[in-house]
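# Breakdown of the fold
Okay, here's what each chain looks like letter by letter:
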Amino acid sequence: MTKVLLRHDQIREMTGGKEIEFSLLKEDKVIWKIRFNSVSSNPMESLMNPHLSQYGKPCFDTGTSGYVCPVCNLDIDEYGMCGCGAGSG
Ligand SMILES: [Zn+2]
């Protein structure tokens, strides 16, 4: 059986968030690397949940603006985003 392992390499403090690095290892050889920025300090959750890394909280915790987009008719959230993107203008 081939052993594949996801390794959290490092987390660095940056202005406005953290820079997080992961490596994917196959039989102890690095076959894939990813580096991304996150406002969350939880590396694994940030990797699995881009919404958390971008906004600092999961989508289900994101509040509403109280407005509905006239184009897609969906709620515009606290960051000014809706389903189609027109509401963010
Ligand atoms: Zn919309």
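The text that follows walks through the structure, step by step, so that each part is easy to find. As the structure is a prediction and not an experimental result, all values here were calculated from the model. (Residues numbered from 1 in each chain as written. Predicted model: local features only at pLDDT ≥ 70, side-chain atom pairs only at ≥ 80, totals over all residues.)

With that settled, consider the overall build of the protein chain. Helix and strand counts for the protein chain come out as two helices and five strands. Going from N to C terminus, the protein chain has its helices and strands arranged as β-β-β-α-α-β-β. Taking 2.2 N^0.38 as the reference for a compact globule, 89 residues should give roughly 12 Å; the C-alpha atoms of the protein chain span a radius of gyration of 17 Å, well beyond that estimate. By its C-alpha atoms, the protein chain is 55 × 35 × 20 Å across when sized along the principal axes. Buried residues in the protein chain amount to 8% of all 89 residues. Taking all contacts inside the protein chain whose residues are at least 6 apart in sequence as the whole, residues at least 24 apart take part in 9%. (Helix = DSSP H or I, 4+ residues; strand = E, 2+ residues; numbered from the N terminus. Rg over C-alpha atoms; globule rule 2.2 N^0.38 Å. Buried ≥ 20, exposed ≤ 12 C-beta atoms within 10 Å, placed from the backbone. Contact = placed C-beta atoms within 7 Å.)

Moving on, we get to the sheet that holds strand E3 (residues 29-38). Remark on secondary structure: sheet strands pair via backbone hydrogen bonds, oriented parallel or antiparallel. Across the sheet, three strands lie side by side as E1-E2-E3; this open sheet has antiparallel pairing. Strands at the two margins of the open sheet, each flanked by one partner only, are strand E1 (4-14) and E3. Averaged over neighbouring strand pairs, the angle between their axes works out to 15 degrees when direction is ignored. The pairing of strand E2 (residues 17-26) with E3 spans nine bridges and is antiparallel. When the sheet's bridge partners are listed, Lys18 is paired in E3 with Ser38. (Pairing = 2+ DSSP bridges. Axes fitted to C-alpha atoms, helices over the stretch in contact; angles between N-to-C directions.)

Remember, this is a structural readout, not a statement about activity or role.
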